[in-house]
Amino acid sequence: MPAAAKTSAKTSAKTSAKTSDAKLTALFLDMLAAEQGAGANTLDAYRRDLTDFSDYLARSGASFTGADTEALRGYLADLDTRGFKSSSVARRLSAMRHLYRFLLNERIRDDDPAAILSGPKRGRGLPKVLSIADVDRMLARAKELTQTDASPAQRLRALRLYCLLEVLYATGLRVSELVSLPLSAARRDARMIVVRGKGNKERLVPLNDASRQAMADYLAAMAVMQSDAKKKAAPSKWLFPSFGESGHLTRQHFARDLKELASASGLAPRLVSPHVLRHAFASHLLHNGADLRIVQTLLGHTDISTTQIYTHVVEERLKSLVRDLHPLAEKA
């Protein structure tokens, strides 16, 4: 066979493999959404991971249906060569395991090449946590920004950021849950809000007075802006509306605003994110005596083992209690 024909055949095989993998990925994601209630962020993560895996296989003309265990091991080794962290490699392996379990259950394959693979050994790192003083500094600075002389639009943005910060620290919501809160969450008499979390599961989360007042101030400013507008826009169903595709503020936008606020508060921006504030919520509750099971419920963790990353906080508190309250502590 001429060299040109060989090249053409190889290119055709790669294209066919990619097409096949794309269809299987779509079927797999449909299953996750329909049967497990996977959210958009989870589906996007699986899609990225499996697309990268498919690209690796396609370079040798292979596909999901034809890859064996050695091909999967080769991919994991390739990730290591590319400098992926052990946590990222473990996540890619998890995606492959879920995919091949799906292909086996659907009888698309009669074996599971990922079943005997072992992931990289990794210790579970402790979450980055801000101190209570750090959070107080950020809240104080955010409130200052709402009280400065600025245009109505700038003041509204400042009130929105302060509201987001107060609600996040008061509830420990995931950032995706926070930015997609419905307008009904800010009812004047609301002491609890219903949050739809991972797997489309709902939970009740209490609001404190500070977060409720922040919501009220923000909504009042938004109402003034809307009444002053020449063209009244259709009312949004979101608490934090935006002109983007989703209709509400994006996670990325809030994260950027939060880092700017951290810098203005004298904190290192790299240490501050919405997820770090969620960790702060949980850690500060536990430090002050909250029960781990209660924190699990508030965070929306299905498994208590996920919440147990915070047990170091409980251990430190127990040590301090023994040190401060035990009758023999002074003699030690």
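Please read these numbers as outputs of a predicted model, since none were measured by experiment.

Enquirer: Help me understand the overall build of the protein, please; the structure alone is not making it clear to me.
Expert: Counting its secondary structure elements, the protein contains 13 helices and 2 strands. Out of the 332 residues belonging to the protein, those deemed buried represent 38%. Accessible surface, the protein: about 19,300 Å² in total, of which carbon and sulfur atoms supply 53%.

Enquirer: Please explain a nonpolar patch on the surface as it appears in this structure.
Expert: Judged by side-chain polarity, Met 192, Val 194 and Leu 204 come together as a nonpolar surface patch covering roughly 270 Å² of accessible area. The residue Leu 204 is located in strand 2 (residues 202-206) in this model.

Enquirer: Would you mind going over unusual backbone geometry with me for this structure?
Expert: A negative phi angle characterises most non-glycine residues, just as the trans form characterises most peptide bonds. Of note, the phi angle at Arg 107 is positive, near 60 degrees, even though the residue is not glycine. Position of Arg 107 among the secondary structure elements: in the loop between helix 4 (86-105) and helix 5 (132-146).

Enquirer: Explain the pairing of strand 1 (residues 192-196) here, please?
Expert: What you see with strand 1 is a clean split: Ile 193 and Val 195 sit on the buried side and Met 192, Val 194 and Arg 196 on the side with no burial. The sheet contact formed by strand 1 and strand 2 spans 5 bridges and is antiparallel. Paired with Val 195 across the bridge in strand 2 is Arg 203. Between strand 1 and the antiparallel strand that follows it, strand 2, lie 5 residues; Gly 199 among them carries a positive phi value of about 70 degrees.

Enquirer: Can you walk me through the packing of helix 3 (residues 69-81) against helix 4 in this structure?
Expert: For any two helices packed against each other, the geometry is given by the interaxial angle and the distance between the axes. Between helix 3 and helix 4, whose axes approach to 10 Å, the crossing angle comes to 160 degrees. Judged on the interaxial angle alone, helix 4 and helix 3 are roughly antiparallel. Pair helix 3 / helix 4 crosses with right-handed handedness. From helix 3, Leu 72, Tyr 75, Leu 76 and Leu 79 reach across to helix 4, where they touch Val 89, Arg 92, Leu 93, Met 96 and Tyr 100. In terms of residue class, the contact of helix 3 with helix 4 is built from 8 nonpolar, no polar and 1 charged.

Enquirer: How do you make sense of the side chain of Ser 265 when you look at a structure like this?
Expert: On the secondary structure map, Ser 265 appears in the loop between helix 9 (251-264) and helix 10 (274-287). Residues in contact with Ser 265, not counting those within four places in the same chain, are Arg 137, Met 138 and Arg 141.

Enquirer: Sorry if this is basic, but what is going on with the pattern of salt bridges here?
Expert: Opposite charge on two side chains lets them pair, provided their charged atoms get close. On inspection of all chains with the given rule, the structure shows 17 salt bridges. Linking Asp 44 and Arg 47 is a salt bridge whose minimum nitrogen-to-oxygen distance equals 2.9 Å. Residue Asp 44 and its partner Arg 47 are located together in helix 2 (residues 40-58), separated by 3 residues, close to a single helical turn. In this structure Asp 44 comes out as partly exposed when scored by relative accessible area, which is 33%. Residue classification places Arg 47 among the partly exposed positions, given a relative accessible area of 38%. One network of salt bridges, in which partners are shared, links Asp 49, Asp 52, Arg 59, Asp 78, Arg 82, Arg 91 and Arg 92.

Enquirer: Is there a simple way to think about the environment of Ala 210 in this case?
Expert: Looking at where Ala 210 falls in the secondary structure, it is placed in helix 8 (residues 209-228). Separated by 40 residues in sequence, Ala 210 and Ala 170 have C-alpha atoms that sit 8.3 Å apart.

Enquirer: Any chance you could explain the packing of helix 2 against helix 3 here in plain terms?
Expert: Across the interface, helix 2 lies against helix 3 with an axial gap of 10 Å and an inter-helix angle of 110 degrees. In terms of orientation, helix 2 lies roughly perpendicular with respect to helix 3. For the pair helix 2 and helix 3, contact is made by Asp 49, Asp 52, Phe 53, Tyr 56 and Leu 57 and by Ala 71, Leu 72, Gly 74, Tyr 75, Asp 78 and Leu 79, respectively.

Enquirer: Quick question: what am I supposed to make of the confidence of the model for the protein here?
Expert: Detailed conclusions should not be drawn from predicted coordinates in areas where pLDDT is low. Summing up the model confidence of the protein, the mean pLDDT is 84 and the portion of residues at 70 or higher is 83%. Scored below 50 in pLDDT, residues 3-11 shows 1 contact in the model against residues more than four places distant or in partner chains.

Enquirer: Teacher, can you tell me more about the packing of aromatic side chains here?
Expert: Given two aromatic rings, one states the distance between the centres and the angle between the planes to describe the pair. Taken as a whole and assessed by the stated rule, the structure comprises 7 aromatic pairs. Aromatic pair Phe 53 and Phe 64: ring centres 5.4 Å apart, planes at 20 degrees, arrangement stacked. Taken together, the residues Phe 53 in helix 2 and Phe 64 in the loop between helix 2 and helix 3 connect sequence positions 11 residues apart. Grouping residues by exposure puts Phe 53 and Phe 64 together as buried. The interplanar angle of 45 degrees and the centroid separation of 5.0 Å between the aromatic rings of Phe 53 and Tyr 75 together place this pair among those described as tilted. Separated by 22 residues along the polypeptide, Phe 53 in helix 2 and Tyr 75 in helix 3 bring together distant segments of the chain. Classification of Tyr 75 by relative accessible area gives buried; the value is 0%.

Cut-offs applied
- Residues numbered from 1 in each chain as written.
- Predicted model: local features only at pLDDT ≥ 70, side-chain atom pairs only at ≥ 80, totals over all residues.
- Heavy atoms only, no water.
- Helix = DSSP H or I, 4+ residues; strand = E, 2+ residues; numbered from the N terminus.
- Buried < 20%, exposed > 50% of the residue type's maximum accessible area, 1.4 Å probe, protein only.
- Areas by Shrake-Rupley, 256 points an atom, 1.4 Å probe, with all protein chains shown as cover.
- Patch = residues over 30% accessible without salt bridge, like charges linked within 9 Å, V, L, I, M, F, W, Y side chains within 5 Å.
- Salt bridge = Lys/Arg side-chain N within 4 Å of Asp/Glu carboxyl O.
- Pairing = 2+ DSSP bridges.
- Axes fitted to C-alpha atoms, helices over the stretch in contact; angles between N-to-C directions.
- Parallel < 35°, antiparallel > 145°, perpendicular 65-115°, else oblique.
- Left-handed = near helix turned anticlockwise from the far one by under 90°.
- Contact = heavy atoms within 4.5 Å.
- Nonpolar A, V, L, I, M, F, W, Y, C, P; charged D, E, K, R; others polar.
- pLDDT = per-residue confidence, 0-100.
- Phe/Tyr/Trp six-rings, centres within 6.5 Å; stacked < 30°, edge-to-face > 60°.

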